[in-house]
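Commentary on secondary and tertiary structure
If you want the building blocks of each chain, they are given just below.
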Amino acid sequence: MYEKYFKNFIFGGTIVSIVNILASKFNPTIGALFWSFPSSLIPVIYTMKTNGDSYDYISEFIYRSSQSILLTYIFLYILSTFIKNDKNITNALIKSILI
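Small disclaimer: the values here were computed from a predicted structure and weren't measured.

Details of the layout of surface pockets
Reported here for the largest pocket is a volume of approximately 540 Å³. Lining the largest pocket are 15 residues, and of these Trp35, Ser36, Ser68, Ile69 and Thr72 lie nearest its centre. Secondary-structure elements contributing two or more residues to the lining of the largest pocket are helix 2 (28–36), helix 4 (55–67) and helix 5 (69–86). For the lining of the largest pocket, a count of residues per class yields 9 nonpolar, 6 polar and no charged. When its volume is computed, the second largest pocket comes out at roughly 200 Å³. Around the second largest pocket, the lining residues are Val19, Ala32, Trp35 and Leu76.

Here we look at the side chain of Thr47
Residue position: Thr47 is located in helix 3 (residues 41–50). Accessibility expressed as a relative area gives 4% for Thr47, which makes it buried. Discounting chain neighbours no more than four positions away, the residues touching Thr47 are Lys4, Asn8 and Phe11.

Remarks on the pattern of salt bridges
Within this structure, the stated rule accounts for 2 salt bridges. For Arg64, the salt bridge goes to Glu60, with nearest N and O atoms at 2.7 Å. Here Arg64 pairs with Glu60, and both are found in helix 4, just 4 residues apart, close to one helical turn. Across the pair Lys95 and Asp86 runs a salt bridge whose closest N-O atoms are separated by 2.8 Å. What makes Asp86 partly exposed here is its relative accessible area of 26%.

Reading the values: the criteria
- Residues numbered from 1 in each chain as written.
- Predicted model: local features only at pLDDT ≥ 70, side-chain atom pairs only at ≥ 80, totals over all residues.
- Heavy atoms only, no water.
- 1 Å grid on protein atoms, 1.4 Å probe; cavity = no way out; pocket = protein on both sides within 12 Å on 5 of 7 lines; lining within 4 Å.
- Points joined across faces, edges and corners; volume = space filled by probe spheres on them.
- Helix = DSSP H or I, 4+ residues; strand = E, 2+ residues; numbered from the N terminus.
- Nonpolar A, V, L, I, M, F, W, Y, C, P; charged D, E, K, R; others polar.
- Buried < 20%, exposed > 50% of the residue type's maximum accessible area, 1.4 Å probe, protein only.
- Contact = heavy atoms within 4.5 Å.
- Salt bridge = Lys/Arg side-chain N within 4 Å of Asp/Glu carboxyl O.

Below, the structure written as structure tokens:
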């Protein structure tokens, strides 16, 4: 039962690690490009399929995920602005979430 959660944790942690390495060791743009590729979506889709979710359900999930792009863009823009102005990531995150 908990195996699927463990797989999700491993997939997600691997993606975060890769993005962090690319952004830290090479260039923030490279990290952002890797993150913008649906790298976080692929493991979710794979896990949904291995859990027996229908193709219709997975398709609906992907469609809804595509709709969230605008919200993600707005949040990241606000967060970036707050970090640049505040120079404090914790305060910037709190402000961005509250808006």
